[in-house]
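The residues making up each chain are set out below.
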Amino acid sequence: MMRAIAAILIGCALLAPSVADAEPYFAVRQGMKCVACHVNPSGGGMRNAYGNMWAQTVLPERRIEVSDREMWSGAINRHLAVGGNLRANGQYLDVPNEAAQSEFDVEEARIYGAATIVPDRLLVYVDERIAPGGSVNLEAYVRLSTADQRWYVKAGQMFLPYGWRLEDDGAFIRQATGIGFATPDKGVEVGFETNTWSTQLAITNGTAGGAETDSGKQASLRTEHIRSLWRLGASVNYNDADTGERYMQGLFAGLKTGPVAWLAEADYITDDSFAARRKLWAGLIEANWMFKNGHNLKLTAEYFDPDDDVDEDEQNRFSLVWEYFPIQFLQLRAGARVYDGIPQNDLQNRKLYFVQMHGFF
Amino acid sequence: MGTRTLVVCAACIVLAGCAGNGEGLDENGRPVEEGGGGSGVLTADFASIQANVFTPICTGCHTGAAAPLGLRLDEGVSYALLVNAPSTEVPGLLRVAAGDPSSSYLIQKLEGTAQVGARMPLGGAPLPQETIAVIRQWIAEGAQSSPQSTFPTSLRAAWPMQGAVLDGLSSIVVTADAEIDTTVLTAGTLVLMRSGGDGVLGSEDDIEVPAEIELRSLSPTVFAIRARAGEWPADVYALQISGGGPLAVTDLRAVAIDGDADGIPGGDYVLTFEVEESR
């Protein structure tokens, strides 16, 4: 059995265009690219065959044995593959001077579908958020790749390439940039992938999923140099909107030190859509310590300055999250997020405690 | 852990020790002298909702040029984009249907009953039901804006912006900073022209564009202007609203609007923009 799995893993690794995910620390820890595990070259969303195999053989603490035929690969047949995620939460929110709230919730359920119409060359991909609330399309694009898999172009609706594609849309670096899983945009993206470089350039409407309202467009460029123990990347984004131009630039990096995978990102934003230009800073440093197989301890420190010209308005957020993969395709999470902002704003000083059960395939 | 780990740990500590002490700021983190801070007590008026809900909570994402679905909730912009404005996700619904909170998409998103997408605030705790009840009350009472003490009354375009170049357009949205006498908003006081294709306004070949006006809010007055033909041919456009002469738009005290924004009543308001061939 193990030899069969190893053969499948090696086979998938060879076949996969290099891949990565919305948990980029996996990629840093493995020294691989987002596209090693994901259909999407810039990470996030559906896992490819290698990603699914890795998730059921390497990731969990204990694997429930199934026969080779029963192992999940995501493939329905040679051309069609599906995937999905469901995150169910229980959380407790403590806001100063307010009654504490606790609730159970479905954070999100997403399904993915990919049709490989021409093997290795032409793909149609859909990512649909189906809960909570009604269904909403996140990504829908067609992608054409060159025969050597180095170049691709995709068109449709897609997440924008910029910085680390974290699972947590609430991270300051995602909120401040406005680029996350809730804000896909419509346009085209060109990508260039080599063994050590991953680069994407997207030209989109610049309306964060809304209808186009002006003739200006948004350009978002992300490039990353990847080595086995470290990686360094840069992102730039320009949104030419009639409401005001917006420039963003950032650096992001990953580093593996023994059992700890580090992520860092710093972004500087100028936004002319306010009465006076605002300059914003956002930063993140995250340590992911795999202290035991199947267990990850995530410690994150974040910084946000909503207006560089205003003193004493800076905010911090600290998170401590334990992530446990007891068996394949199941993740249990428990964590705390502590917000530290100006004292006169209660929400900027809230504490959030949560547990989460996350099934994925 | 090695030296590299210690360096990164030190960077974490430096990064973390930077929260502001809030000195000289209101509860939304803006300088007190700017105004706009809330009292901390939420009441069923727009200024209070803006200061205590939209600004501190919603503008975490819904702000600036990158606002999701184009919905900006920052002060000065939010009202015109909410009240009687169609939702992007469900165009058949108004974001705020004045007088009808249950049919308002804003309420449906806050209560998690919307047909499309997730409950707001996205990824955060739902607003307390008491907070939503206050917003409901504001809508049920007509979704009025808060009284303004501005004088004289001036106009500005919520959409498109002055000098904008657009791929297409459905309507122009103009907002006043107080209530104006809408009975005088007629073809005599409001003129929409296009250049006739030469890109030069004020020449003989200018063409008047028949327009219709849709009132979205009384106080402050917000109105949309649509081309009666339903389309906006590629051209350079000018919207002129009269603030002087015998046919002037006035406030409720019959004082002419400050159309040219010089601080003195009178003067025409002029908005120019260009619509390009759709690509």
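Predicted model only: the values in this text are computed from it and were never measured.

The next subject is the overall build of chain B. Per the secondary structure count, chain B includes 5 helices and 9 strands. For chain B, the α and β elements follow one another from N to C terminus as α-α-α-α-α-β-β-β-β-β-β-β-β-β. Within chain B, buried positions represent 48% of all 279 residues. Look at the contacts in chain B between residues 6 or more apart in sequence, and 54% of them connect residues 24 or more apart. Approximately 12,400 Å² of chain B is accessible, and the part contributed by carbon and sulfur atoms is 56%.

The next thing to look at is the interface of chain B and chain A. With 56 residues of chain B in contact, the opposing surface of chain A contributes 60 residues. Between chain B and chain A, the buried area comes to about 4,300 Å², and carbon and sulfur atoms account for 60% of it. The interface formed by chain B and chain A includes 1 salt bridge. Across the pair Asp307 of chain A and Arg30 of chain B runs a salt bridge, and its minimum N-O distance is 2.8 Å. Viewed at the interface, chain A and chain B are joined by 7 residue pairs in polar contact (both at pLDDT 80 or more). Broken down by secondary-structure element, the contributors of at least two residues to the side of chain B that touches chain A are helix 1 (3–16) and strand 2 (165–166) of chain B. Tallying contributions element by element places helix 1 of chain B first for the side of chain B that touches chain A, with 8 residues. The class makeup of the residues in the side of chain B that touches chain A is 31 nonpolar, 15 polar and 10 charged.

So, about the pairing of strand 7 (residues 197–204) of chain A. All names here are of chain A. In the sheet, strand 6 (residues 185–193) pairs with strand 7 via 7 bridges, with the strands oriented antiparallel. Paired with Gly187 across the two strands is Thr204, which belongs to strand 7. What sits between strand 6 and strand 7 in their antiparallel hairpin is a turn of 3 residues. Strand direction decides the pairing type here: strand 7 and strand 8 (residues 218–226), joined by 8 bridges, are antiparallel. Paired with Ser198 across the two strands is Glu224, which belongs to strand 8.

This part takes up the sheet that holds strand 3 (residues 172–176) of chain B. Residue and element names in this part refer to chain B. Strand order across the open sheet formed by 4 strands is 1-3-7-6, with antiparallel pairing between neighbours. Looking at strand neighbours, the two that pair on one side only are strand 1 (155–159) and strand 6 (211–217), the edges of this open sheet. Sheet twist, expressed as the average angle between the axes of neighbouring strands with direction ignored, equals 30°. Sheet topology note: the strand 3/strand 7 (residues 222–227) ladder contains 4 bridges and is antiparallel. For Val173, the partnering residue across the bridge sits in strand 7 and is Ala224.

In the structure shown here, the tally under the stated rule is 21 aromatic pairs over all chains. The interplanar angle of 40° and the centroid separation of 4.7 Å between the aromatic rings of Tyr268 of chain A and Trp281 of chain A together place this pair among those described as tilted. Of this pair, Tyr268 of chain A sits in strand 11 (residues 260–271) while Trp281 of chain A is found in strand 12 (residues 278–292), placing the two residues 13 residues apart along the sequence. Tyr268 of chain A gets classed as partly exposed once you look at its relative accessible area, which sits at 22%. Consider the rings of Phe46 of chain B and Tyr79 of chain B, whose centres lie 5.0 Å apart with planes at 80°: the pair is edge-to-face. Placement of the pair is Phe46 of chain B in helix 2 (residues 46–54) and Tyr79 of chain B in helix 3 (residues 78–82), with a sequence separation of 33 residues. On the basis of relative accessibility, which here comes to 8%, the residue Tyr79 of chain B falls in the buried class. A connected cluster of aromatic rings, assembled from ring pairs, spans Tyr25, Phe26, Trp54 and Phe325 of chain A. Between Lys154 of chain A and the ring centre of Tyr141 of chain A, over which it is positioned, the NZ or CZ distance is 4.3 Å. Across from the ring centre of Tyr339 of chain A, 3.7 Å away, lies the NZ or CZ of Arg350 of chain A, which sits over that ring.

Thresholds applied
- Residues numbered from 1 in each chain as written.
- Chains lettered and ligands numbered in written order.
- Predicted model: local features only at pLDDT ≥ 70, side-chain atom pairs only at ≥ 80, totals over all residues.
- Heavy atoms only, no water.
- Helix = DSSP H or I, 4+ residues; strand = E, 2+ residues; numbered from the N terminus.
- Buried < 20%, exposed > 50% of the residue type's maximum accessible area, 1.4 Å probe, protein only.
- Contact = heavy atoms within 4.5 Å.
- Areas by Shrake-Rupley, 256 points an atom, 1.4 Å probe, with all protein chains shown as cover.
- Buried area = accessible area lost by both parts, 1.4 Å probe.
- Salt bridge = Lys/Arg side-chain N within 4 Å of Asp/Glu carboxyl O.
- Polar contact = N/O pair within 3.5 Å; in protein donor to acceptor, adjacent residues only side chain to side chain.
- Nonpolar A, V, L, I, M, F, W, Y, C, P; charged D, E, K, R; others polar.
- Pairing = 2+ DSSP bridges.
- Axes fitted to C-alpha atoms, helices over the stretch in contact; angles between N-to-C directions.
- Phe/Tyr/Trp six-rings, centres within 6.5 Å; stacked < 30°, edge-to-face > 60°.
- Lys NZ or Arg CZ within 6 Å of the ring centre and 35° of its normal.

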